[in-house]
Amino acid sequence: MQKILKYSFYEMIRSRWVFIYTGFYLLATMALLLLSNDLSKVLISLTNIIIVLTPLIGILFGTIYYYNSKEFIQLLMAQALSRWSIFIGMYMGMALALCISIVVGVGFPLLIYGVLGSPELSIFLLLITMACSLSIIFSLIAFLIAMKYDEKVKGLSISIFIWLFFAIIYDGVFLLLLLSLKDYPLDKLTISLITLNPIDLARILILMKLDMSAMMGYTGAVLSKFLGRNLGIIFVSVSLLLWTLIPLWRMHKIGMKKDS
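Structure report, in brief. Because the structure is a prediction, the values reported are computed rather than measured.

About the cut-offs
- Residues numbered from 1 in each chain as written.
- Predicted model: local features only at pLDDT ≥ 70, side-chain atom pairs only at ≥ 80, totals over all residues.
- Heavy atoms only, no water.
- Helix = DSSP H or I, 4+ residues; strand = E, 2+ residues; numbered from the N terminus.
- Buried < 20%, exposed > 50% of the residue type's maximum accessible area, 1.4 Å probe, protein only.
- Contact = heavy atoms within 4.5 Å.
- Areas by Shrake-Rupley, 256 points an atom, 1.4 Å probe, with all protein chains shown as cover.
- Patch = residues over 30% accessible without salt bridge, like charges linked within 9 Å, V, L, I, M, F, W, Y side chains within 5 Å.
- Salt bridge = Lys/Arg side-chain N within 4 Å of Asp/Glu carboxyl O.
- Lys, Arg positive; Asp, Glu negative; His and termini not counted.
- Charge placed at Lys NZ, Arg CZ, Asp CG, Glu CD.
- Expected span 1.5 Å × (residues − 1).
- Bend = angle between axes of the 7 residues up to and from the residue.
- Arc of directions from axis to C-beta.
- Polar contact = N/O pair within 3.5 Å; in protein donor to acceptor, adjacent residues only side chain to side chain.
- Phe/Tyr/Trp six-rings, centres within 6.5 Å; stacked < 30°, edge-to-face > 60°.
- Axes fitted to C-alpha atoms, helices over the stretch in contact; angles between N-to-C directions.
- Parallel < 35°, antiparallel > 145°, perpendicular 65-115°, else oblique.
- Nonpolar A, V, L, I, M, F, W, Y, C, P; charged D, E, K, R; others polar.
- Left-handed = near helix turned anticlockwise from the far one by under 90°.

A look at the overall build of the protein
Moving on, step 1. Helix and strand content of the protein: 11 helices and 0 strands.
Moving on, step 2. In the protein, the order of α-helices and β-strands from amino to carboxyl end is α-α-α-α-α-α-α-α-α-α-α.
Moving on, step 3. With 260 residues in all, the protein has 46% of them scored as buried.
Moving on, step 4. Excluding contacts between residues fewer than 6 apart, the proportion of contacts in the protein whose partners are at least 24 apart in sequence is 79%.
Moving on, step 5. When the accessible area of the protein is evaluated, it comes to approximately 13300 Å², of which 69% is carbon and sulfur surface.

Written out as structure tokens, the structure is:
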């Protein structure tokens, strides 16, 4: 598994798309720093970019990388290797490369700017953590999709739809549901539905840390009010962890099933 991880990681960091991805974050971060001297505003702007872009890149990279490596995966499967070792090794190498791209692209300009000595250091660390978490979660989802569907076009179509669902459609459906049930107590329902969208979870966690209730929307306001700020942060963090562990468990189950 370690050898497969190393191969996957080295292959990813040599890809021009990873350089483009890193370069985009470098340019975006430097541009925001040039436009504003307020580090808090820069971090809020980066949050809006990362929350939308990171899941998209994670799920597209994951799906395309799996399909492009399919012949190599089949070659490895012919050896005395478990499918779980192959899948998790390739996945971890790809996810690690994406996380390093984010850390370098966003972190390098901010470190030069002096974020380590600023009061916004905790927000910066949380932003990087959430960006890496979304990359890990959505690249996991991408691998599961690609493992399930053999057709590349079908797999990519489903991946894009899933990103659209979580990034755009989910909030619209959620809002319509709240409007249609406005005469009923919705606090517990709202909190339950929050956990079904990792993008909303990451956004709410960052905004709760920034203590910007006006930007959290109804879901974030209910979460902050119902659970309290500290308990709400713990609740969101655990929910994001489950969004990682459950797809990993599913990947392991698929690998073990095919081995048997």
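Side note on a positive patch on the surface
Moving on, step 1. The grouping of K148, K154, R250 and K253 at the surface amounts to a positive patch.
Moving on, step 2. By secondary structure assignment, the location of R250 is in helix α11 (residues 229–259).
Moving on, step 3. Residue classification places R250 among the partly exposed positions, given a relative accessible area of 38%.

Brief notes about helix α5 (residues 83–113)
Moving on, step 1. For α5, spanning 31 residues, the distance from its first C-alpha to its last is 45 Å, which sits close to the expected 45 Å at 1.5 Å a residue.
Moving on, step 2. Of all bends in α5, the biggest is about 35 degrees, found at G107, and the proline P109 comes one to four residues later.
Moving on, step 3. G114 sits one or two positions beyond α5 and adopts a positive phi of about 105 degrees.

Some points on helix α2 (residues 16–35)
Moving on, step 1. Taking 1.5 Å of rise per residue, the 20 residues of α2 would be expected to cover 28 Å, and the 28 Å separating its terminal C-alpha atoms lies within 8% of that figure.
Moving on, step 2. Those residues of α2 lying buried are V18, Y21, T22, Y25, A28, T29, L32 and L33. Angular distribution of buried residues about the axis of α2 spans 135 degrees; they occupy a single face of the element. Along α2, exposed side chains directed more than 90 degrees from the buried face belong to R16, F19, L27, L34 and L35.
Moving on, step 3. Where α2 is buried, its residues contact α1 (2–13), α3 (39–68), α5 and α6 (121–148).
Moving on, step 4. Where α2 begins, the capping side chain belongs to S15, and its oxygen is found 3.3 Å from the backbone nitrogen of W17.

What to know about the packing of aromatic side chains
Moving on, step 1. Within the structure shown, the criterion is met by 14 aromatic pairs.
Moving on, step 2. On the basis of an interplanar angle of 70 degrees and a centroid distance of 5.7 Å, the ring pair of Y91 and F143 is categorised as edge-to-face. Pair noted here: Y91 is in helix α5 and F143 is in helix α6, with a separation of 52 residues, a long-range link. Both residues of the pair, Y91 and F143, belong to the buried class.

Some details on the pattern of salt bridges
Moving on, step 1. Taken as a whole and judged by the stated rule, the model has 2 salt bridges.
Moving on, step 2. Among the ionic pairs, K70 bridges to D150, the shortest N-O distance being 3.4 Å. Of the two residues, K70 sits in helix α4 (residues 70–77) while D150 sits in the loop between α6 and α7 (152–180), which places them 80 residues apart along the sequence.
Moving on, step 3. The partner of D200 in a salt bridge is R203, with the nearest N and O atoms 3.2 Å apart. Of this pair, D200 and R203 both sit in helix α9 (residues 198–210), 3 residues apart, roughly one helical turn.
Moving on, step 4. Overall, the relative accessible area of 5% leaves D200 in the buried class.

Examining the packing of α7 against α9
When two helices pack together, their arrangement is given by the angle between their axes and by how far apart the axes lie.
Moving on, step 1. At a closest axis distance of 8 Å, the pairing of α7 and α9 adopts a crossing angle of 90 degrees. As judged from the angle between their axes, α7 and α9 are roughly perpendicular. Here α7 contributes F166, A167, Y170 and D171 to the contact with α9, which in turn contributes P198, I199 and D200.
Moving on, step 2. Among the residues making up the contact of α7 with α9, the classes are represented as 5 nonpolar, no polar and 2 charged.

Quick look at the environment of Y67
Moving on, step 1. Of note, Y67 is situated in helix α3.
Moving on, step 2. With 80 residues separating them along the chain, Y67 and M147 place their C-alpha atoms 8.9 Å apart.
Moving on, step 3. Sequence-distant contacts of Y67, defined by excluding residues within four places in its chain, comprise I145, A146, Y149, D150, E151, K152 and G155.

Brief notes about the packing of α2 against α3
Moving on, step 1. Following both chains from N to C, one finds α2 and α3 inclined at 165 degrees, their axes separated by 10 Å at the closest point. Relative to α3, the element α2 is oriented roughly antiparallel. Two packed elements cross with a definite hand, and for α2 against α3 that hand is right-handed. Across the interface between the two elements, W17, V18, Y21, F24, Y25, T29, L32 and L33 from α2 touch L39, V42, S45, L46, I49, I50, L53, T54, I57 and F61 from α3.

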